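Examination of the molecular architecture
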Amino acid sequence: MPWLSIVIPAYNEAGRLPQTLTVIQRYLVAQSFTSEVLVVDDGSADATADLAAAMPGVEVLRLDHRGKGFAVRAGALAARGHYILVSDADLAVPVEEWARLEQMLQHGYEVVIGSREGVGATRDGEPWYRHVMGRVFNGLIALIALRGINDTQCGFKAMPRHVAHDLFRRMRIYGDDAPVLQGAAVTAYDVELLFLARKMGYRIAEVPVRWHYGTETKVNPLRDSWRNLRDVVTVRLNDLRGRYRAAPTTLDSSEEGWRDTVPPKNS
């Protein structure tokens, strides 16, 4: 079992994914722990999947285009690592920030999320209006479904494998029956994930990180704001309807006693 799985959802990322993977592999080679990199191709219309598959040490999961939430879920459930780190394809948060998240995991937190808010966080190159949009959206999240988390949408999140598998199996909005989509689809899957984490009693920690705004962002302010708000409302409705009362998942033998292990070293 690798110590760390890095799951990267990707949709039409042929232009920047090779550089991202090169940076990640350079970082991982210098570490003492074992690792795997899993690119989840969200039905790209370009050469994203083929370029990723040509990179040494990278596994590719090819899916129909059902949105980022579905891609992240599929990747997390396929990952084999002791810990699972989800990172965006543009590497907006440097991979080196993993060490800060790992420290919190080692201190007993079970869901650790990068945050662009709070003391120590930096936001490089972000237009002022995007920051305002993010703050307004986070306020709506707090009002409707999830209080006490400053930044639910940062694409840099980590958790032990058994926690990831439990939470992603419980998700309903972007589960196995998620519809095939047209065009880029930024979603609020993060809200459902964190809502479930809190509901299941997992300890959540926010870690301030460095973040760089990507000029090639696929976010459509009007379309994606509506889709994300719809997702947040759906999370609340699902909870009221009892859709999150599923029985807990059963750990397999490799997941039991997970806290007692130490990082296996690269050979």
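Structural data are supplied above this passage.
Description of the structure in this document. (Residues numbered from 1 in each chain as written. Predicted model: local features only at pLDDT ≥ 70, side-chain atom pairs only at ≥ 80, totals over all residues. Heavy atoms only, no water.)

What follows covers the packing of helix 3 (residues 68-78) against helix 6 (residues 161-170). Two elements in contact, helix 3 and helix 6, have axes separated by 9 Å at closest approach and are oriented at 140°. What the angle tells us is that helix 3 and helix 6 run oblique. Remark: the crossing between helix 3 and helix 6 carries left-handed chirality. Residue-level inspection shows Val 72, Arg 73, Ala 76 and Leu 77 of helix 3 in contact with helix 6, the latter providing His 165, Phe 168 and Arg 169. Classifying every residue of the contact of helix 3 with helix 6 by side-chain character gives four nonpolar, one polar and two charged. (Axes fitted to C-alpha atoms, helices over the stretch in contact; angles between N-to-C directions. Helix = DSSP H or I, 4+ residues; strand = E, 2+ residues; numbered from the N terminus. Parallel < 35°, antiparallel > 145°, perpendicular 65-115°, else oblique. Left-handed = near helix turned anticlockwise from the far one by under 90°. Contact = heavy atoms within 4.5 Å. Nonpolar A, V, L, I, M, F, W, Y, C, P; charged D, E, K, R; others polar.)

Most of helix 3 sits inside the fold, with eight of its eleven residues counted as buried. The set of residues buried in helix 3 consists of Gly 69, Phe 70, Ala 71, Val 72, Arg 73, Ala 74, Gly 75 and Ala 76. Where helix 3 is buried, its residues contact strand 1 (4-10), strand 2 (35-42), strand 3 (58-63), strand 4 (83-87), helix 6 and helix 7 (189-199). (Buried < 20%, exposed > 50% of the residue type's maximum accessible area, 1.4 Å probe, protein only.)

Moving on to the side chain of Arg 73. When you line up the elements, Arg 73 lands in helix 3. Accessibility expressed as a relative area gives 8% for Arg 73, which makes it buried.

With that settled, the discussion passes to the nonpolar core. Val 111, Met 159, Leu 167, Phe 168, Tyr 189, Leu 193 and Val 232 are the most contacted members of the largest nonpolar core, which totals 40 residues. Of all elements in the fold, only strand 2, helix 3, strand 4, strand 5 (111-115), helix 5 (128-144), helix 6, helix 7 and helix 8 (221-240) reach the threshold of two or more residues within this core. Sort the elements by how many residues they give to this core and helix 7 lands first, with seven residues. Of all hydrophobic cores here, the second largest spans 35 residues; its members include Val 58, Leu 91, Val 112 and Phe 156. (Core = buried A, V, L, I, M, F, W, Y, C linked by side-chain atoms within 4.5 Å.)

The next thing to look at is the side chain of Lys 157. Position of Lys 157 among the secondary structure elements: in strand 7 (residues 156-160). By relative accessible area, Lys 157 is classed as buried at 2%. A distance of 2.9 Å separates the side chain of Lys 157 from the backbone oxygen of Thr 152, its partner in a polar contact. Only 2.5 Å separates the side chain of Lys 157 from the backbone oxygen of Cys 154, close enough to count as a polar contact. For Lys 157, the contacting residues outside a window of four places in its chain are Ile 84, Leu 85, Val 86, Leu 101, Val 112, Ile 113, Thr 152, Asp 190, Leu 193 and Leu 194. (Polar contact = N/O pair within 3.5 Å; in protein donor to acceptor, adjacent residues only side chain to side chain.)

All right, on to helix 6 then. With nine of ten residues buried, helix 6 lies mostly within the body of the structure. What helix 6 keeps buried is the set Arg 161, His 162, Val 163, Ala 164, His 165, Asp 166, Leu 167, Phe 168 and Arg 170.

So, about the packing of aromatic side chains. A full pass over the atoms with the stated rule returns four aromatic pairs. Each ring, one from Phe 195 and one from Tyr 244, has its centre 6.0 Å from the other, and the planes form 50°; the classification is tilted. With a gap of 49 residues between them, Phe 195 in helix 7 and Tyr 244 in the segment after helix 8 connect regions that are remote in the sequence. There is no split in this pair, since Phe 195 and Tyr 244 are both buried. Grouped by ring-pair contacts, the aromatic residues Trp 3, Tyr 83 and Trp 98 constitute a single cluster. Above the plane of the ring of Trp 211 lies Arg 116, whose end atom (NZ or CZ) is 4.9 Å from the centre. (Phe/Tyr/Trp six-rings, centres within 6.5 Å; stacked < 30°, edge-to-face > 60°. Lys NZ or Arg CZ within 6 Å of the ring centre and 35° of its normal.)

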